[in-house]
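Per-entry structural report
The lines below spell out each chain.
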Amino acid sequence: MSEEHSAAGTGPGGSAGPGAVRRGRPARLSRERVIEAALDIVSWQGSQALTMRRVAEALGSAPMSIYRHVRDKDELLVLLLDRIVADLPRPVLPEEPRARLMALLTWQHGELAARPWIVDVLRRGDVMAPSVLWLLEEIYIAWQACGLSLQEAATANRIVWNFLLGDLTQHAEGPADRAPYQVSVPAGADPAQYPTVAALRPYWQSADRRDRFGDDLAVLVGVLTTTAGRGR
């Protein structure tokens, strides 16, 4: 997660970072301390660095002690996500249905983009924080206010979620010493063999090609809401 460090050499929340030496008598272990230690680890090193053993080491405890407070890594991830979502200020939403839907989806994208480790968790695992249910409720209501049935809203939101997650995944840190293959390969296509792909060379090489989330989302939402109910 990208968070500001409160002081040089410290981690998010002013901690000394995962694995730091802890002096003096260790504090009493609690679920809250387990969550804080896990948050330090994922914030500094990403979700794949999170293990129960790493959390135990950060707390100066035995791994079995951690299991007294959380059942397993998945439950720990749910607790982390729940803490983060519950602490987020909710967006100010317009009344007009499509604008409201766009505000909700854009807010969701922005909060996830600020915390890449959560994107990785959602992409690889099957976890969800109970505190995100308010967002789902508001999103489904907004889809319905745009004219979709509840079942159509569920389908539309699944399509948008896959688009959103794909956009966030594409923005993961790429190679610093070369152009991404997803740019260089189509941009270098032979016009004689692949004339249509080659004709799009300016598009492939455009600096903002991957930074059009807002515009692309508006197009997708527009299509999904315009076609609502046509099959009824």
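A brief report on the enclosed structure follows. (Residues numbered from 1 in each chain as written. Predicted model: local features only at pLDDT ≥ 70, side-chain atom pairs only at ≥ 80, totals over all residues. Heavy atoms only, no water.)

1. Some thoughts on the overall build of the protein chain
Each helix and strand in the protein chain was counted, giving 12 helices and zero strands. Counting over 232 residues, the protein chain shows a buried share of 38%. When contacts within the protein chain are restricted to residue pairs at least 6 apart in sequence, long-range pairs at least 24 apart make up 69% of them. Accessible surface, the protein chain: about 13,700 Å² in total, of which carbon and sulfur atoms supply 54%. (Helix = DSSP H or I, 4+ residues; strand = E, 2+ residues; numbered from the N terminus. Buried < 20%, exposed > 50% of the residue type's maximum accessible area, 1.4 Å probe, protein only. Contact = heavy atoms within 4.5 Å. Areas by Shrake-Rupley, 256 points an atom, 1.4 Å probe, with all protein chains shown as cover.)

2. Details of the pattern of salt bridges
When their charged atoms lie close together, side chains carrying opposite charge are able to pair. A complete count under the given rule lists nine salt bridges for this structure. When the shortest N-O distance is used, the salt bridge between D120 and R123 registers 2.6 Å. A residue pair is termed a helical-turn pair when its members lie 3 or 4 positions apart in one helix, as D120 and R123 do in helix α6 (residues 116-124) at three residues. Residue classification places R123 among the partly exposed residues on the basis of a relative accessible area of 45%. (Salt bridge = Lys/Arg side-chain N within 4 Å of Asp/Glu carboxyl O.)

3. Things to note about helix α4 (residues 73-87)
Compared with an ideal rise of 1.5 Å per residue, which puts 15 residues at 21 Å, α4 spans 21 Å between its outermost C-alpha atoms and is within 8% of the ideal. Buried residues in α4 make contact with α1 (31-45), α2 (52-59), α6 and α7 (133-145). In this structure D72 caps α4, since a side-chain oxygen of it lies 3.3 Å from the backbone nitrogen of D74. (Expected span 1.5 Å × (residues − 1). Polar contact = N/O pair within 3.5 Å; in protein donor to acceptor, adjacent residues only side chain to side chain.)

4. Considerations on the side chain of Q108
Mapped onto the fold, Q108 is located in helix α5 (residues 97-113). The class for Q108 is buried, based on a relative accessible area of 14%. If near-sequence neighbours (up to four positions away) are discounted, Q108 is found in contact with L135, I139, W161 and L164.

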